[in-house]
Structure formats: structure tokens, C-alpha cells
Amino acid sequence: MPKLNENYLNLKESYLFSEIAHRVAAYTAANPDKKVIRLGIGDVTLPIGNSIIKALHEGVDAQASADTFKGYGPEQGYDFIRDAIVAYYEKNGVTISPKEVFVSDGAKSDTGNITDLFAQDNVILIPDPVYPVYVDTNIMNGRNITYMNATAENNFLPMPDKNLHADIIYLCSPNNPTGAAYNYEQLKEWVDYALENDAILLYDSAYECFITDETLPRSIFAIEGAKKCAVEFCSLSKTAGFTGTRCGYTIVPEALQFTSSDGREMSVNAMWNRRQTTKFNGVSYIIQKGAAQVFSEEGMAECRANIQYYQENARIIAECMDKKGIRYFGGINSPYIWFECPMGMESWEFFDYMLNQIQVVGTPGAGFGSNGKNFFRLTAFGSRENTVEAMKRFETLF
Ligand SMILES: Cc1ncc(COP(=O)(O)O)c(C=O)c1O
């Protein structure tokens, strides 16, 4: 009999979205005449831009002729896309090298797979509430987690505790689920803390494209010293509508080095390269062709138009919260609006209340961690029509 990884027994049932689906299905079965509006799941709804679709088609066509056909490609990604990503960073004032760019099938895989590089006995800091992948992938590996409280009191942006030593720190900015985004000074504190503690920052930048406030950093590498202590995970899911198409990239600086127990220098870039070339055979050429077009002027303009559409939805939701006098976070540099459940309700109670009273579905904050239990997440990824209608109904709620 195989001895199974019993750490899986320690995972909490991932029941958030299935429980939402179950409650909505029960409600619709009982109330077939009511139109339910879903502003819960963080998936995009607008189609991919024309020039990006054209590039995807070109990728397909290339596979039809012997002289352009592509078999296995470089596991790290083709030069054309690694160079395009380097140029994109350069435009944002950050210099990286193509060897530091690893193209992947998305940030979920990479934020999970990075755990391969770390030993068991690390002190791991993860915010609560949080994108659940960081927690579950560490539990699968049998690691202990120390939670950092993200609360209204710290604007859902936990800062380093100088009295606590950590080895690995997960940060996500702009944040899912809270929509909060760190500024330069705050990230500088994290970088200084990581350097002082010889720690690594695992920085999830999946929502970077939603940053509109020019004073906010779009990359951890905009902070001095970060190349010595951080890895950055990025995604085209929200940037370019690639949630179903799948492509992301991870930046692992060559300067990121730690000392082994017997005194040897270990390069995180070399380890990640080794991990990826061993366990991953790269993103398909077709997808990389489309993804590279995202970084062209035309592709970026198409992506920006879609993002602006979602940002307007976010503004409409935020305006409604303002009108109702509800305290909320996010919505400006993020597609998520994270608000305090009215009337002292807990988040599942408020979920049922909204569903029953106005037939609007969101995500209960409790699903992201215990500090979310009195908060609720709405997303700006719905259609304009549904967002406007949902907020009209919300205004009548209490
Ligand atoms: C914070 C965060 N990181 C990563 C991801 C996953 O990104 P991808 O679609 O590239 O796997 C998500 C998706 O919702 C997310 O919210």
C-alpha cells in the first residue's frame, strides 16, 4: 500500500465556491422567476482583444507548415516573450533581464509550485484574509503557517513585526480579496525587513494592471534592494482576459541567493530553472504568440480598454457603498470591493440576506480567512448592465 501524503488530511474543505453554487442553485430552484446577478467569482467576462486573437491564430497557422512548425520550446518561454516582458518592466521603470523571466501557465501554478524550493522548517508568514492557494500549498507540504492579521485597523495591509523573525513572506498587492494595495514606503519596509531577516518575499502581482494611482509601485522590484529578497508572480488572466487561455510569468532575480547549511551559495533563479525544466515543458507556442502581443502597443491598448470597463464597474459599486455609508476597501486600484457587512451581520448571513432580498451574489469574506468573517467581496468583472442593476437593487436593501 502506498503511504499517502497525510498532510492532505489537514486541508480545510475548499467549499467556498461550491457552497455559493449550492445556495444559489437551491434559491433558483425555489424561485425560478427571479433573476440572480452574480458578482462573486473573480473571473473576467470581456473577450480578448482583436490583435491578440489574431496573434493566437498566427500561432495556430505556424503549426500547419513544416517550415514554421514548433515542437518542444524552451521551458522558460521563447525569447520573443521574455524580451517583451523585459520591455514592459522597463516602461514601468524596472530593469530586469530575460534570464529572470519564466513564462508559465499562470500565477496559480507558480505560487503553488514555488514551495518546491523550500525546506520544511521555515517560518512562513501569510496574511489573513488571503488568496487560499498560498495556505493550501504549504499545508499540502506539511508546513506550519504563521498568520498576519489584515484588518480594517491596518487597512488590510499588514506590516512587518520587527519582533518576529520570518523566513518566507507572502504578499499580494493589489490584494485579492481586499483590494488593498501597498505604497512604496510600505513595500520598502517589507524589503528592509526581508533583507534584515535574510528572508524571501513571495510577491503576487496578479492585479498589477488595475493600479491607477501613479504613486503606487507596480512591481516589488521598483523597491531598492528587492532583487536580493523577492520573487514576483504575474498573470495575464486579469491583464488580458487570459483566465481560460492561461499564461503568466514569474520574475526570479539572479541576485537572489541564500547560503546552504554547509555554506554554499544557492541561487533561487537556478533552482527555479531546474525545477521548471524538470517538471514543466513550457507554455504552448500558440499561447505565447498571443501573450507576447499583449505587450505590444496595440495589444496593451486593447487590454487597457477592457480594464477601464471593469474599473468603471468598480466605481459604480464604490459609489453605491458611499451612498449607503458602508465602509469599504479596494475598488480603485483593484477590481474587488471589500466591504463591511451592514447591520453587524457575518458574511454568510449577509450572503443569504442579499440573495433572498435582492438576488445578488457576492463572496463571503469568511471564505478567505477568519479576519474576513464580517466582510464581503464584490467583483467588478460582471457586465455593465448587471453591475448597474445589482447596485440599483443594493440601494433598496436597507
Ligand atoms: C491573488 C491571485 N493570484 C493568482 C491568481 C491566479 O492567476 P492565474 O489565473 O494566472 O493562475 C489569482 C486568481 O484569481 C489571484 O487572485
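As a starting point, this report considers the structure included with it. (Residues numbered from 1 in each chain as written. Predicted model: local features only at pLDDT ≥ 70, side-chain atom pairs only at ≥ 80, totals over all residues. Heavy atoms only, no water.)

The subject of this paragraph is the sheet that holds strand β7 (residues 230–235). Strands sit in the order β2-β8-β7-β6-β5-β3-β4 across an open sheet of 7 strands; the sheet is mixed. Either end of the sheet is taken by a strand with one partner, and the two such strands are β2 (101–104) and β4 (145–149). Each strand axis lies, on average, 25° off the axis of its neighbour in the sheet, ignoring direction. As paired elements, strand β5 (residues 168–172) and strand β6 (residues 200–204) share 5 bridges and run parallel to each other. Note that in β6 the partner of I169 across the bridge is L201. Each of β2, β7 and β8 (248–251) touches helix α3 (residues 79–91); the most contacted strand, β2, lies at about 120° to it. (Pairing = 2+ DSSP bridges. Helix = DSSP H or I, 4+ residues; strand = E, 2+ residues; numbered from the N terminus. Axes fitted to C-alpha atoms, helices over the stretch in contact; angles between N-to-C directions. Contact = heavy atoms within 4.5 Å.)

Here the focus is the site of the ligand. Lining the immediate surroundings of the ligand are 14 residues, of which N176, D204, Y207, S235 and S237 lie closest. Separating an oxygen atom of the ligand from a side-chain N or O atom of S237 is a distance of 2.5 Å. Contact with the protein chains removes 90% of the 400 Å² of surface that the ligand exposes when unbound. Every element with two or more residues in the shell around the ligand is listed here: α4 (107–113) and α7 (237–240). Looking at the shell around the ligand residue by residue, the classes come out as 6 nonpolar, 4 polar and 4 charged. (Near = heavy atom within 4 Å. Polar contact = N/O pair within 3.5 Å; in protein donor to acceptor, adjacent residues only side chain to side chain. Areas by Shrake-Rupley, 256 points an atom, 1.4 Å probe, with all protein chains shown as cover. Nonpolar A, V, L, I, M, F, W, Y, C, P; charged D, E, K, R; others polar.)

In this section: unusual backbone geometry. Excluding glycine, residues mostly have negative phi values, and the peptide bonds linking residues are mostly trans. Look at the link from D128 to P129: it is a cis peptide, with omega at 5°. Its place among the elements puts P129 in the loop between β3 (124–128) and α5 (132–140). Of note, D198 is a non-glycine position whose phi angle comes to about 55°, a positive value. When you line up the elements, D198 lands in the loop between α6 (184–197) and β6. If you check the backbone angles, Q359 has positive phi at about 55° while not being a glycine. Here Q359 lies in the loop between α11 (347–358) and β13 (360–361).

Turning our attention to the packing of aromatic side chains. For any pair of aromatic rings, the description consists of the separation of the ring centres together with the inter-plane angle of the planes. On inspection of all chains with the given rule, the structure shows 27 aromatic pairs. Plain terms: the ring middles of W348 and F351 are 5.4 Å apart, the flat faces sit at 65° to each other, and that makes the pair edge-to-face. Within this pair, W348 and its partner F351 are both found in helix α11, separated by 3 residues, close to a single helical turn. The pair formed by W348 and F351 is uniform in burial state, with each residue classed as buried. Among the aromatic side chains, those forming a connected cluster through ring pairs are Y207, F210, Y309, Y310, Y336 and F381. (Phe/Tyr/Trp six-rings, centres within 6.5 Å; stacked < 30°, edge-to-face > 60°. Buried < 20%, exposed > 50% of the residue type's maximum accessible area, 1.4 Å probe, protein only.)

The next subject is the sheet that holds strand β11 (residues 328–330). The pairing of strands in a sheet comes from backbone hydrogen bonds and takes either a parallel or an antiparallel form. Taken in spatial order, the 4 strands line up as β11-β12-β15-β14 in an open sheet, and their pairing is antiparallel. The sheet is open, and its two borders are formed by β11 and β14 (363–364), each paired with just one other strand. Pairing analysis gives 5 bridges linking strand β12 (residues 336–340) to strand β15 (residues 375–379), with the strands arranged antiparallel. When the sheet's bridge partners are listed, F339 is paired in β15 with F376. Against the sheet, helix α10 (residues 297–324) makes contact with β11, β12 and β15, and its axis sits at roughly 15° relative to β12, the strand it touches most.

By themselves, these are just geometric observations and shouldn't be taken as functional.
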